[in-house]
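Architecture and fold: a report
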Amino acid sequence: MKVFHLSHTDLDGYGCQYVANKVFDDICFFNANYGKEVSVRLQHICTKIDAQLTKGSMTSTLSLLESKFRPKLSDKSNNKADKKLDSSDSGEQFLILITDLNLTPSEAKWLNEKIASYEASGHNVKALLLDHHISGEECAKIYEWYHLDDTRCASKITYETLPKMFSLENQKLENLSKLKDFIEMINAIDIWLEDGENFEFGKVALGMIAMSNELNRFMFDEPHRAYKFALLDFAFEYLQKGAVEFDNAVFMLKKLALKGTPDKETMDSVCSRIQCELLEGMKENCTIFYGDKKGFLSYCMGGISVLANRFLRQNEEYDFYMDINMRGTISLRANGACDVSELSKEVFNGGGHKNAAGGKLDNFKEGFLYEDIKSQVQSALQG
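Before going into details, it helps to say that this report is about the structure given with it.

The rules behind the values
- Residues numbered from 1 in each chain as written.
- Predicted model: local features only at pLDDT ≥ 70, side-chain atom pairs only at ≥ 80, totals over all residues.
- Heavy atoms only, no water.
- Phe/Tyr/Trp six-rings, centres within 6.5 Å; stacked < 30°, edge-to-face > 60°.
- Helix = DSSP H or I, 4+ residues; strand = E, 2+ residues; numbered from the N terminus.
- Buried < 20%, exposed > 50% of the residue type's maximum accessible area, 1.4 Å probe, protein only.
- Lys NZ or Arg CZ within 6 Å of the ring centre and 35° of its normal.
- Pairing = 2+ DSSP bridges.
- Axes fitted to C-alpha atoms, helices over the stretch in contact; angles between N-to-C directions.
- Contact = heavy atoms within 4.5 Å.
- Bend = angle between axes of the 7 residues up to and from the residue.
- Salt bridge = Lys/Arg side-chain N within 4 Å of Asp/Glu carboxyl O.

**Some thoughts on the packing of aromatic side chains**
Enumeration over the complete set of coordinates arrives at 19 aromatic pairs. On the numbers, 6.0 Å between centres and 75° between planes, the contact of Phe-296 with Tyr-318 is edge-to-face. Taken as a pair, Phe-296 in strand 7 (residues 293–299) and Tyr-318 in the loop between helix 14 (305–314) and strand 8 (320–324) lie far apart in primary sequence, 22 residues in all. Among the residues examined, Tyr-318 registers a relative accessible area of 4% and is labelled buried. Between the aromatic rings of Phe-296 and Tyr-321, the centroid separation amounts to 5.7 Å while the plane-to-plane angle is 20°, which identifies the pairing as stacked. Pair noted here: Phe-296 is in strand 7 and Tyr-321 is in strand 8, with a separation of 25 residues, a long-range link. Phe-296 sits in the buried class, given a relative accessible area of 0%. Of the residues examined, Tyr-321 reaches a relative accessible area of 0% and is grouped as buried. One aromatic cluster is present, formed by Tyr-18, Phe-29, Phe-182, Phe-229 and Phe-236 through successive ring pairs. For Lys-22, the ring lying beneath its charged end belongs to Tyr-18, and the centroid distance is 4.9 Å. Positioned over the ring face of Tyr-238 is Lys-241, at 4.3 Å from the centre of the ring.

**So, the sheet that holds strand 2 (residues 27–31)**
Taken together, the five strands give an open sheet; going across it, the order is 2-1-3-4-5, and neighbouring strands pair in parallel fashion. Of all strands in the sheet, those bounded by a partner on one side alone are strand 2 and strand 5 (146–148). Across the sheet, the axes of successive neighbouring strands diverge by a mean angle of 15°, strand direction being ignored. By the bridge criterion, five bridges tie strand 1 (residues 2–7) to strand 2 in an arrangement that is parallel. From the neighbouring strand, Val-3 faces strand 2, where its bridge partner is Ile-27. Packing of helix 4 (residues 105–120) onto the sheet brings it into contact with strand 3 (93–99) and strand 4 (124–131), and relative to strand 4 it is tilted by some 155°. Where helix 6 (residues 154–165) meets the sheet, it contacts strand 3 and strand 4, and its direction lies at approximately 140° from that of strand 4.

**Observations concerning helix 11 (residues 243–257)**
Owing to its 3.6 residues per turn, the α-helix brings residues three or four apart onto one side. In helix 11, a bend of some 50° at Val-250 exceeds every other bend along the element. Turning to helix 11, its buried residues number three or more, namely Phe-246, Ala-249, Val-250, Leu-253, Lys-254, Lys-255 and Ala-257. Elements in contact with the buried residues of helix 11: helix 9 (199–211), helix 10 (221–238) and helix 12 (267–280). Within two residues after helix 11, Lys-259 carries a phi angle of roughly 65°, on the positive side.

**Here we look at unusual backbone geometry**
Positive phi outside glycine occurs at Asn-198, with the angle close to 60°. Position of Asn-198 relative to the elements: it lies in the loop between helix 8 (180–190) and helix 9. Of note in the backbone geometry, Lys-259 takes a positive phi value of approximately 65° without being a glycine. Examined against the element boundaries, Lys-259 turns out to sit in the loop between helix 11 and helix 12.

**Examining the pattern of salt bridges**
This structure, assessed with the given rule, holds 17 salt bridges. Residue Arg-273 is joined to Glu-265 by a salt bridge in which the shortest nitrogen-to-oxygen separation is 3.1 Å. Across the pair, exposure class does not vary: Arg-273 and Glu-265 are buried alike. A salt bridge links Glu-317 to Lys-283; the nearest nitrogen and oxygen atoms lie 2.9 Å apart. In this pair, Glu-317 is assigned in the loop between helix 14 and strand 8 and Lys-283 in helix 13 (residues 283–286), connecting sequence segments 34 residues apart.

Any link to function would need more than the numbers given here.
Shown next, in the form of structure tokens:
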């Protein structure tokens, strides 16, 4: 079974994914804050499922054609081939798992209709929502896949529900059992049980996850989540040491999670290095052009001076670096190869210096998928 897991962007939301990662072998994660992003992520998930179903359908068709024109060795061998093909078709299963997010009535209706359309087409696609926000009560009364319990945080609901719904091998059950105190800590802070177990520790963990934005999730979706998981690993290890020792160690632990050397590197140095390494692996998708000038586009990085200068020094084929935020505000940097003040003036009604400038993209539409952002920027650069 292939699982697509959408969850919130706080300690409880990532806690749900931390648990699910220990339950499912084939899982793909997504995160969303409330508002438009939830529906965008749900649509994105369904687009990925559609692509896999199409790919699976093409594979089945090719297998059917092969078996049709394959020389018949015996009836027995043909029956085996048919059974294998039937098993492959019926065995393709998908689960859309949603945690720590309550859907609006329109979002829930859309998802329910989408699941129904999959079932009508003979596809095995299910939805499961595990949440604790009482604002989802209306939807919970309508849809059987919508599970609401406002007495526990979503991480605890996920922790206690998934092992009951899915058959797990003993090793996985044993690994999950070790998380009991950790989940109780998340539960205490998320639903604010001041007398709860490890409440003070939970306050530190809550702040750590909220402030760990060194790898922004719009540019670095998987690395960002891996960073959060690494921090949760550290939190799990420190749970028995207490809140104060954990609090004192957080800054060092963040450096370690980012593959830094705490005693020899500043956080700025650690961040710019790993960000630059990640961006270098994204050059094919993030390259933009302004006339004969080649640029790199990032989204919502913020405070790009150190990063942009490092990137341009290490990637001399680029003439400028551009970052745009959710409001369409532009930051530009260059290293002598492009007058970004002129670029900003011509395209973004801005200005500045030859190597550092800014502006704003008119009629910019906020988005959550990088491809949509890049399309808007490249169109503006082309005039």
